Amino acid sequence: MTSFMQPNLLPALPEMVMLAMACLVLVVDLFLPQQKRGFTVLLSVLTLALVSWATLFTAPAAGAVITTFGGSFIVDSLAVTLKLAVYLVTFLVFVYSRDYLKDLDIYKGEYYVLGLFAVLGMMIMISAHSFLLLYLGLELLSLSLYAMIAFNRDSVSSSEAAMKYFVLGALASGLLLYGISIFYGISGTLDLTALSLVIKEQASTNPVMLAFALTFIVVGLSFKLGAVPFHMWLPDVYQGSPTSVTLFIGSAPKIAGFAMAIRLLIDGLAGLQIDWSMMLMMLAVASMALGNVVAIVQTNFKRMLAYSTISHVGFIMLGLLAATQTGLSSAMFYTLTYAITSSVAFGVLMLINCKGFNAQEIADLKGLNDTHPWYAALLAIALFSMAGVPPTVGFYAKLVVINAVIQVDMVWLGLVAVLLSVIGLYYYLRVVKVMYFDKPEDGQAITVKDALDVKILLSANSLSLILLGLFPSFLMAWCIAAFA
Amino acid sequence: MLIESIIFYFFAAVTVLSAASVVTVRNPVHAALFLVLTFFSSAFIWMMLEAEFLAITLVLVYVGAVMVLFLFVVMMLDINIARLREGFIKFLPVGILLALVMFGMLFYVLTGDQSAVESMAAPAAKAADFSNTRALGQVLYTEYVFAFEIAAVILLVAIIAAIALTLRRRTDTRYQNPSQQMKVQKKDRLRIIKMEAEK
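Calculation notes
Residues numbered from 1 in each chain as written. Chains lettered and ligands numbered in written order. Predicted model: local features only at pLDDT ≥ 70, side-chain atom pairs only at ≥ 80, totals over all residues. Heavy atoms only, no water. Salt bridge = Lys/Arg side-chain N within 4 Å of Asp/Glu carboxyl O. Helix = DSSP H or I, 4+ residues; strand = E, 2+ residues; numbered from the N terminus. Buried < 20%, exposed > 50% of the residue type's maximum accessible area, 1.4 Å probe, protein only. Contact = heavy atoms within 4.5 Å. Buried area = accessible area lost by both parts, 1.4 Å probe. Polar contact = N/O pair within 3.5 Å; in protein donor to acceptor, adjacent residues only side chain to side chain. Core = buried A, V, L, I, M, F, W, Y, C linked by side-chain atoms within 4.5 Å. 1 Å grid on protein atoms, 1.4 Å probe; cavity = no way out; pocket = protein on both sides within 12 Å on 5 of 7 lines; lining within 4 Å. Points joined across faces, edges and corners; volume = space filled by probe spheres on them. Nonpolar A, V, L, I, M, F, W, Y, C, P; charged D, E, K, R; others polar. Expected span 1.5 Å × (residues − 1). pLDDT = per-residue confidence, 0-100. Lys, Arg positive; Asp, Glu negative; His and termini not counted. Phe/Tyr/Trp six-rings, centres within 6.5 Å; stacked < 30°, edge-to-face > 60°. Pairing = 2+ DSSP bridges.

## A few points about the pattern of salt bridges
Residue and element names in this part refer to chain A.
Step number 1: All chains considered together, the criterion is met by 12 salt bridges over all chains.
Step number 2: When the shortest N-O distance is used, the salt bridge between Lys449 and Asp103 registers 3.2 Å. With Lys449 in the loop between strand 5 (446-448) and helix 18 (452-470) and Asp103 in helix 3 (residues 77-104), this residue pair connects regions lying 346 residues apart in the sequence.
Step number 3: Overall, the relative accessible area of 42% leaves Asp103 in the partly exposed class.
Step number 4: Among the charged side chains, a network of salt bridges with common partners joins Glu160, Lys164, Asp236 and Arg303.

## Digging into the interface of chain A and chain B
Step number 1: Listed as interface residues are 34 residues of chain A and, on the opposing side, 30 residues of chain B.
Step number 2: Taking both partners together, chain A and chain B bury about 2,800 Å²; carbon and sulfur atoms supply 83% of that area.
Step number 3: Our count for the contact surface shared by chain A and chain B stands at zero salt bridges.
Step number 4: Linking chain A to chain B there are three residue pairs in polar contact (both at pLDDT 80 or more).
Step number 5: Of all the secondary structure elements, the ones that give two or more residues to the side of chain A that touches chain B are helix 1 (13-30), helix 4 (109-127), helix 5 (131-149), helix 6 (156-187) and helix 8 (207-225) of chain A.
Step number 6: Element by element, the count of residues in the side of chain A that touches chain B is highest for helix 5 of chain A, at eight residues.

## Structural notes on the nonpolar core
Step number 1: Membership of the largest hydrophobic core comes to 199 residues, with the highest contact counts inside it found for Phe183 and Leu318 of chain A.
Step number 2: The element contributing the most residues to this core is helix 13 (residues 325-351) of chain A, with 16 residues.
Step number 3: Excluding its chain neighbours within four sequence positions, the residues that come into contact with Leu318 of chain A are Ala284, Met288, Val401, Val405, Leu413 and Ala417 of chain A.
Step number 4: The next biggest cluster of nonpolar side chains, apart from the first, holds nine residues, and it includes Val36, Ala55, Val63 and Met67 of chain B.

## Here's the deal with empty space enclosed by the protein
All names here are of chain A.
Step number 1: Across all of its chains, the model carries five cavities of 30 Å³ or more by this definition.
Step number 2: As for the largest cavity, its lining consists of 14 residues, of which Leu138, Leu141, Tyr165, Lys224 and Pro253 are closest to the centre.
Step number 3: The residue inventory of the lining of the largest cavity, partitioned by class, reads 10 nonpolar, two polar and two charged.
Step number 4: As for the second largest cavity, its lining consists of His312, Tyr334, Thr337, Tyr338, Thr341, Ser385, Met386, Val393, Gly394, Ala397 and Lys398.

## Overview of helix 6 of chain A
Step number 1: Spanning 32 residues, helix 6 of chain A covers 46 Å between terminal C-alpha atoms, matching the ideal 46 Å at 1.5 Å per step.
Step number 2: Where helix 6 of chain A terminates, the next one or two residues include Gly188 of chain A, which has phi positive at roughly 75 degrees.

## Thoughts on the confidence of the model for chain B
Residues and elements named next belong to chain B.
Step number 1: Looking at chain B, the pLDDT average stands at 84 and 91% of residues meet or exceed 70.
Step number 2: The least confident element of chain B is helix 4 (residues 81-84), whose mean pLDDT is 62; the most confident is helix 7 (residues 145-166), at 93.
Step number 3: With a pTM of 0.91, the predicted complex shows an ipTM of 0.91.

## Topic: the side chain of Lys224 of chain A
All names here are of chain A.
Step number 1: Note that Lys224 resides in helix 8.
Step number 2: Buried within the structure, Lys224 lacks any salt-bridge partner; its nearest side chain of opposite charge belongs to Glu139, at an N-O separation of 4.9 Å.
Step number 3: A distance of 3.3 Å separates the side chain of Lys224 from the backbone oxygen of Gly169, its partner in a polar contact.
Step number 4: Among residues more than four places away in sequence, those in contact with Lys224 are Leu138, Ser142, Tyr146, Gly169, Ala172, Ser173, Trp233 and Met260.

## A short note on the packing of aromatic side chains
Step number 1: One pass over the structure, following the stated rule, counts 25 aromatic pairs over all chains.
Step number 2: On the basis of an interplanar angle of 5 degrees and a centroid distance of 5.4 Å, the ring pair of Phe315 of chain A and Tyr334 of chain A is categorised as stacked. Placement of the pair is Phe315 of chain A in helix 12 (residues 301-322) and Tyr334 of chain A in helix 13, with a sequence separation of 19 residues. Neither residue differs from the other here; Phe315 of chain A and Tyr334 of chain A are each classed as buried.
Step number 3: Taking the centre distance of 5.9 Å and the plane angle of 25 degrees together, the rings of Phe103 of chain B and Phe107 of chain B count as stacked. Highlighted residues: Phe103 of chain B and Phe107 of chain B, both in helix 5 (residues 86-111), separated by four residues, approximately one helical turn.

## So, the sheet that holds strand 3 (residues 352-354) of chain A
Residue and element names in this part refer to chain A.
Step number 1: One open sheet accounts for three strands, arranged 4-3-5; its pairing is antiparallel. For this open sheet the edge positions go to strand 4 (357-358) and strand 5, each flanked by a neighbour on one side alone.
Step number 2: Relative to strand 4, strand 3 runs antiparallel, the two being bridged by two bridges. Bridge pairing in strand 4 links Asn353 to Asn358.

Okay, here's the thing in C-alpha cells:
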C-alpha cells in the first residue's frame with residue numbers, strides 16, 4: 001500500500017465549505033436568543049452563497065471532467081448545474097419557510113442546520129461516482145429529512161409521516177444495497193466506471209445475474225423517486241409533514257434523485273439499457289396513470305400535489321428511458337423546472353392562513369382572489385405550469401420530454417403521456433376555479449403572512465415560470481451541455 | 001470443503017431462523033435476545049469470509065454495546081404487545097403471498113439454467129498471516145477517506161436529530177442562577193419601611 005497518492009482535495013471544496021459552515025451555523029445558533037433567530041437564517045443563506053461560489057470556482061472548463069479520490073468523486077458540468085439548482089431551490093425554501101415556522105412555533109436553528117446537512121448529502125449524491133459515496137450521500141440526505149419531518153414534535157400526523165418515511169426509506173435503502181452487493185459480487189468493484197466495463201464484458205455471458213441485480217437497483221431508485229408501485233409513502237409524507245418540509249422534500253431532493261438515476265443508470269449500468277428502459281417504461285406509465293387519476297379525488301391540497309408529484313416523476317422517467325442526449329437533457333430540464341414550480345405552489349400555500357390555521361384543504365382557498373388577488377395569481381401560474389398550459393414552462397418541459405420519446409420510436413408512449421396529462425389538467429384547474437369563482441364560506445377569513453422579501457421572491461419565482469416558458473433556450477442549453 | 005459448507009449452512013440456518021424469531025416472538029426481551037443471536041451467527045459467517053475484523057466489531061459493538069442499551073430501553077418501556085399485533089393477522093396473507101412470490105423469483109433466477117452463481121470463480125483464500133485489520137486500516141484513511149468522513153457526518157446528523165427531537169426545555173422548572181445570587185445587594189432583599197408608631 002505504498003503506492004497511495006494524496007488525492008486532489010480541491011474538487012471537493014464545495015462539500016468541505018458546506019460541512020464547515022453547517023457546523024459553524026450549528027454552534028453560532030446555540031448562543032443566539034430566540035428573537036435573534038433571523039441571524040441563523042441569514043448565515044444559512046450566506047452559506048449557500050459561499051458554496052455556490054466554491055462550486056463555480058472549482059467548476060471544470062466546458063466539457064472537461066475532473067475526478068478525484070480514486071475516481072469515486074466526479075465534477076462535470078452535470079454536477080455543477082445540478083448543484084447550483086439545489087442551492088437555488090434550498091435558498092427559496094429557507095426564505096419561504098421563515099414565517100411559517102414562526103407560526104407553528106418551530107422556528108429553531110436546527111431546522112436550518114438539518115437543511116444544510118441535507119444539501120450536503122445531495123451534493124455528495126450529485127458528485128458521487130461509486131456505489132459507496134452514492135449510498136452515503138443518500139443516507140445523509142434521508143436522515144436529515146426524517147428529522148425535519150418529525151420536527152413539529154407535538155403533531156401526531158408529523159410523527160406518523162416521519163415514521164412511515166423512515167421505515168419505507170430504510171426498506172428502500174436495503175433493496176438498493178442488495179442490488180449494489182450483487183453487482184459488487186459480479187464485478188468486484190464499487191466504482192461506476194469500472195463496473196460499466198465489467199458489464200460490457202459480461203452482458204452477453206451473464207445476463208440473468210446482471211438483470212437480477214439491476215432489478216433491485218431500479219426498485220430502490222423508484223422508491224426514492226416515488227414512482228408507482230413504490231409510491232405509498234409519498235402522499236402520507238407530503239400531507240403529514242409541516243408544509244415547509246413538504247416544500248423541501250418536493251423540490252431539491254428530486255434534483256438529487258435525478259442525479260442518482262443518471263449516475264447509476266447512465267454512468268454505471270449503460271450496458272443494461274435495454275433492460276432498464278423496459279422497467280422504467282412500465283413504472284412511468286403506471287406513475288402517470290395512477291398519479292393523475294387518484295389526484296382527482298383528493299380534497300387536501302398537499303395530498304393532491306403529492307399525487308401530482310408521482311405523475312411528474314413518471315414524466316421524468318420518460319426522458320430517462322429514452323436514454324438519448326435529447327431524452328436525458330429534457331428529463332433534466334423537466335426536473336429543474338418542476339422543482340422551481342413546486343416551490344411556488346408550496347410557498348404560497350405556506351403563507352395562507354384560514355380561520356387562524358395554516359391552509360391545507362383545497363376548500364381553504366375559496367375566494368382567495370377576492371382578498372389576495374396577487375397571491376392567487378402567483379399560485380395559478382404555478383398550477384398552470386404543473387398542468388402544462390402554455391406559455392408557462394411546464395408546457396415546454398412536457399413538450400421536450402414527449403418529443404424525446406417520439407424520437408426513439410415510441411409514439412404510443414408519447415400519446416399515453418399526452419392523454420394522461422389532459423386528465424391531470426382537470427384537478428389543477430379545479431383549484432384555480434376554487435380560488436377565483438367560489439365564494440368563501442361564512443366565517444372563513446383568509447389571512448396571508450405578508451412579508452415584503454418573501455413577496456418579492458415568490459413573485460420573481462412565479463413569474464420566472466412564464467419567462468422560462470417563453471425563453472427556455474438558455475436553461476435548455478445548460479441541460480444539453482451537461483450531457484454533451 | 002464439505003466441512004466448510006456444513007458450517008456455513010448451519011450458521012446461515014441459525015441466522016435466518018433467529019431473524020424470523022425476532023419479528024414473531026411475543027416477548028420484546030426475547031426478540032432482543034434473538035437479535036443478539038442473529039448478530040452472533042452473522043459474525044460467524046463473516047469469519048468464514050475471512051473478514052475477522054468486521055466479525056469481531058459486530059460482536060463487540062452491536063452485541064456488547066448497542067444491544068445491551070436496547071435491552072435497557074425495552075425493559076424500561078411498558079410496551080403494549082397486544083396493540084402492536086393488531087395488524088399482524090390482517091396483513092399476514094398479503095405478506096405471505098408477497099414473500100412467496102419473491103422467493104419463487106429468487107429461486108428461479110438463482111437456480112435456473114442460466115444461473116451464474118456457480119460459474120463465478122470463488123475468491124482465492126488469503127495466506128494464514130494475512131491481517132484483515134491491517135488491510136482495512138491501510139485503506140480506511142487513505143483511499144476511502146472521503147467516504148469515511150461522510151460516515152462521520154451521518155453520525156453527527158444523527159446526534160443533532162436525536163437532540164432536536166427529544167430535548168424539551170421546561171419553562172416551569174425553578175433553578176438557581178449563581179451569578180445573580182452573588183450580585184444581590186442589601187436593597188434587593190431588605191425593605192425598610194418608615195411607619196408611624198402604633199398608638
